[in-house]
Structures are given as C-alpha cells and as structure tokens.
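Summary of structural features
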Amino acid sequence: MYKREIETKIKSVLKRGKSVLLLGPRHTGKSTLIENQIASDFAVSLLINKLRQAYEMNPDLLIKEIVQIKKKIQRIPIVYIDEIQKVPLLMDSVQYLCDKKAAQFVLTGSSARKLKEQMNINLLPGRVVFLRMEGLNLRESPSEDIEEFLIYGMLPGIRNTENSSDKNEDLINYVDPYLEEEIRKESNLKKL
C-alpha cells in the first residue's frame, strides 16, 4: 500500500471535529486508504445490495444505528460510508447526526456529478470538508521512472502490476467503460 499525502489532511479534519467527503475517480485508493489508515467505529459499504436497499427504504436507520454505537462506546463515533452517491438520501441523516454532534463521518464516492444530479441533494455545506483524491503523485509513487508514469498513469492497481502487457490490458479496461459512462452522462449523448 502506498503512503498517501491526503491521509494527513483527512486525519487533521477529523481531529478538529469535522467530517470529510472524499471524492475522486474510481480505483484511486479512496476505500483502501480509509479502511486501512483511518480508524472508524462503524463502516457501511453501499456496494452491498442488502445494506443499500435497507438504507434506501429507511435512511433514518443510520441515525438509530449511530445512536446505539455512541451509547456503547461513550464518545462520538467516526463513521465511514463508502459509495455515498448510491444512496443520496443518507445525506440528510448524516446532517442530522453532524448537527447533533452524534457522529463524525468519512464519506467516499467516485462521482460528485452523481451526487449533484440528484434533485435537492444535501451536500452538507459547512458540515463536511470536501477533499479530492486522484491517482498517485510522483512523491507517493516508489518509482522514479517518469516514462512509466507518462505511459501508464498513476492508478495504484496498475502501478502494482508487473507485466506491461497486463498493465495495458488493465488500463484499457479501466479507461474505456469509465470514459464512455462519464461522457454519456455529461453530455446526455444518445449516440457515442
């Protein structure tokens, strides 16, 4: 795992009692960083269908769960929610818990656009610090090979792949569907 510079910023934000909304492209290491380097008291992955459906049906379920956790641990819990854009209605529950000083949050997502697409979405102004995580930068990457950086980019998963033909295949399989989806969404194209 790479030492990411943004880790210090996230910890600093949490230390001063604020919450974090960490956005950025897929596969840049957001979930890996939070799961391995930021201690949370409760974690929710909205990639799990059953969990996602439960929160879609009842976003206030989060409030109930956090109140129970806070009673149990006797302090303000740090709550990690991965892929928050999948259930944007949870943002109201997050606001309620932030306002009541019942929890701090680290929310991650791959798409600010998907959050903003939702009508009347609560982006928690003043309650969260928005941070953006990109691929590795040159200080975070162990390689000093600038040519490799220019050819393959700085996604951690691709950087960790040894074989260059595997890197090419992985990069194509990352870029093609991602760009197609994003381009279609941004411009509402019917025919790419």
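Preceding block: the structure.
What comes next concerns the included structure. Every residue gets a number counted from 1 within its own chain, in the order that chain's sequence is written. Per-residue local features are limited, in this predicted model, to residues with pLDDT of at least 70; the limit for side-chain atom pairs, both in listing and counting, is 80 or more; totals at the level of whole chains, interfaces and linings are taken over all residues. Excluding hydrogens and water, the side-chain values take into account all heavy atoms of the structure.

Within 6.5 Å between ring centres, the rings of Phe, Tyr and Trp (the latter by its six-membered ring) count as paired, and their orientation is classed by plane angle as stacked under 30 degrees, edge-to-face over 60, tilted in between. Within the structure shown, the criterion is met by zero aromatic pairs. It is K167 that lies over the ring of Y152; its NZ or CZ is 5.1 Å from the centre. Over a ring means this: the NZ of a Lys or the CZ of an Arg is within 6 Å of the ring centre and within 35 degrees of the ring normal.

Turning to a nonpolar patch on the surface, a few remarks are in order. Each patch is assembled from residues with relative accessible area greater than 30% and no salt bridge, linking like charges that lie within 9 Å and nonpolar side chains (Val, Leu, Ile, Met, Phe, Trp, Tyr) that lie within 5 Å. The method behind every accessible area is Shrake-Rupley, applied with a 1.4 Å probe, and residues are considered shielded solely by the protein chains displayed. The salt bridge definition used is simple: a Lys or Arg side-chain nitrogen within 4 Å of an Asp or Glu carboxyl oxygen. There is a patch of nonpolar side chains on the surface, built from L138, I146 and L150 and spanning about 320 Å² of accessible area. Inspection of the secondary structure puts L138 in the loop between β5 (128-132) and α7 (146-152). Only DSSP runs of H or I with at least four residues qualify as helices, and only runs of E with at least two residues qualify as strands; both kinds are numbered from the N terminus onward.

Here we take up the sheet that holds strand β4 (residues 104-109). Taken in spatial order, the five strands make up an open sheet running β2-β3-β4-β1-β5, and their pairing is parallel. Of all the strands in the sheet, just β2 (42-45) and β5 have a single pairing partner and so form its edges. If you compare each strand with its neighbour and ignore which way they point, the axes differ by 15° on average. Where strand β1 (residues 19-23) meets β5, five bridges bridge the pair, whose relative direction is parallel. Within β5, the residue paired with V20 across the bridge is V129. Across the sheet, helix α5 (residues 90-99) touches β1, β3 (78-82) and β4, and the angle it forms with β4 is around 155°. When DSSP finds two or more bridges between two strands, those strands count as paired. Helix axes are fitted only over the stretch in contact, all axes being lines through C-alpha atoms; the angle between N-to-C directions runs from 0 to 180 degrees. Throughout, a contact is declared for two residues whenever any of their heavy atoms are within 4.5 Å.

Moving on, we come to the pattern of salt bridges. Counted by the stated rule, this structure contains nine salt bridges. Between K11 and E7 there is a salt bridge, with its nearest N and O atoms 2.8 Å apart. In this pair, K11 and E7 both sit in helix α1 (residues 6-15), four residues apart, roughly one turn of the helix. The buried label goes to any residue with under 20% of its type's maximum accessible area, the exposed label to any with over 50%, and the partly exposed label to all in between, with areas taken from a 1.4 Å probe on protein chains only. Of the residues examined, K11 reaches a relative accessible area of 39% and is grouped as partly exposed. On the basis of relative accessible area, E7 is assigned to the buried category, the value being 4%. Residue R159 is joined to E148 by a salt bridge in which the shortest nitrogen-to-oxygen separation is 3.3 Å. With a gap of 11 residues between them, R159 in helix α8 (residues 156-159) and E148 in helix α7 connect regions that are remote in the sequence. Salt bridges linked by common partners bring K3, E7 and K11 together as one network.

In this analysis, the expected span of each helix is defined as 1.5 Å times one less than the number of residues it contains. Taking 1.5 Å of rise per residue, 13 residues should cover 18 Å, and helix α4 (residues 61-73) covers 19 Å from first to last C-alpha, within 8% of that figure. Turning to α4, its buried residues number three or more, namely L62, I63, E65, I66 and I69. Angular distribution of buried residues about the axis of α4 spans 165°; they occupy a single face of the element. Of the exposed residues in α4, those oriented more than 90 degrees away from the buried face are K64, K71 and K72. Looking at the buried residues of α4, the elements they touch are β2, α3 (49-57), β3, α5 and β4. Looking at the residues trailing α4, positive phi occurs at Q74, about 60°. The reported arc concerns the directions from the helix axis to the C-beta atoms and nothing else.

Let's shift gears to unusual backbone geometry. If you check the backbone angles, H27 has positive phi at about 65° while not being a glycine. Although it is not a glycine, K101 adopts a positive phi angle of roughly 55°.

Here the focus is the pairing of β1. The buried count for β1 comes to five of five residues, which makes it a mostly enclosed element. What you see with β1 is no split at all: S19, L21 and L23 on one side and V20 and L22 on the other are buried throughout. When β1 meets β4, the two strands line up parallel, connected through four bridges. The residue bridging L21 from the neighbouring strand is L107, located in β4.

Fair warning: the whole summary comes from geometry, so function is off the table for now.
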